[in-house]
Amino acid sequence: MTDHLVLGQRIGYLRRQKGLSQEELAERANLSREFISTIENNKTGLGVNSLVDIANSLGVSADDILVDCLEHSASTADSELHRLLLDCTETEEYILTQTVKALKAILSSRGI
């Protein structure tokens, strides 16, 4: 069963991370601002089509939106590393990604 409160909170979080107002997200997703507000405030659920439209408008996968509602998810959207990268500039993200890759290689070479 989908937890609409958590789903709405995740959509609001992702929207703010992208620097979008509810009105801007609504326009991109071809939905009303009022509908976005009711989703984020747990006053209504949303159908698959609206979920896909919102995910596409936010530039994320539906799995990234649903991660808190899924029992089995391959998404890393709720990981600390992912949250760290969400507000990075492109340069910061590149540097951090290269650093993590290098550290991972070192750990693997030491059997960790």
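Each remark here, short or long, concerns the structure printed above.
Residues numbered from 1 in each chain as written. Predicted model: local features only at pLDDT ≥ 70, side-chain atom pairs only at ≥ 80, totals over all residues. Heavy atoms only, no water.

Q: What is the right way to look at the overall build of the protein chain in this model?
A: The helix and strand inventory of the protein chain stands at seven helices and zero strands. Element order for the protein chain, N to C, with α for helix and β for strand: α-α-α-α-α-α-α. Per-residue burial for the protein chain yields a buried fraction of 29% across its 112 residues. Once local pairs closer than 6 in sequence are excluded, the contacts in the protein chain between residues at least 24 apart make up 49%. (Helix = DSSP H or I, 4+ residues; strand = E, 2+ residues; numbered from the N terminus. Buried < 20%, exposed > 50% of the residue type's maximum accessible area, 1.4 Å probe, protein only. Contact = heavy atoms within 4.5 Å.)

Q: Help me understand the packing of helix 2 (residues 22–29) against helix 3 (residues 33–40), please; the structure alone is not making it clear to me.
A: Angle between the axes and distance between the axes are the two parameters that describe a pair of packed helices. The interhelical angle for the contact between helix 2 and helix 3, taken along N-to-C directions, is 115°, at an axis separation of 8 Å. It follows from the interaxial angle that helix 2 and helix 3 lie roughly perpendicular. At the point where helix 2 passes helix 3, the crossing takes the right-handed sense. On helix 3, the residues that touch Q22, E23, L25 and A26 of helix 2 are R33, I36, S37 and E40. Here the contact of helix 2 with helix 3 is built from residues that sort into three nonpolar, two polar and three charged. (Axes fitted to C-alpha atoms, helices over the stretch in contact; angles between N-to-C directions. Parallel < 35°, antiparallel > 145°, perpendicular 65-115°, else oblique. Left-handed = near helix turned anticlockwise from the far one by under 90°. Nonpolar A, V, L, I, M, F, W, Y, C, P; charged D, E, K, R; others polar.)

Q: I tried to follow unusual backbone geometry on my own but got confused; where do I start?
A: Phi is mostly negative for residues that are not glycine, and the peptide bonds are mostly trans. Of note, the phi angle at N30 is positive, near 60°, even though the residue is not glycine. Inspection of the secondary structure assignment puts N30 in the loop between helix 2 and helix 3. Phi angles above zero are rare outside glycine, and N42 is one such case at about 60°. Within the secondary structure, N42 is located in the loop between helix 3 and helix 4 (48–58). Its relative accessible area of 35% is what places N42 among the partly exposed residues.

Q: Would you take a moment to explain the pattern of salt bridges for this structure?
A: Opposite charge on two side chains allows them to pair when their charged atoms are near. Summed over all chains, the structure comprises two salt bridges. Across the salt bridge formed by E40 and R15, the nearest N and O atoms sit 2.7 Å from each other. Of this pair, E40 sits in helix 3 while R15 sits in helix 1 (residues 4–17), and the two are 25 residues apart along the sequence. Neither residue differs from the other here; E40 and R15 are each classed as buried. For R33, the salt bridge identified is with E34, shortest N-O distance 4.0 Å. The partly exposed category is assigned to R33, whose relative accessible area is 34%. Owing to a relative accessible area of 48%, E34 belongs among the partly exposed residues under this scheme. (Salt bridge = Lys/Arg side-chain N within 4 Å of Asp/Glu carboxyl O.)

Everything listed is a geometric property; what it means functionally is a separate question.
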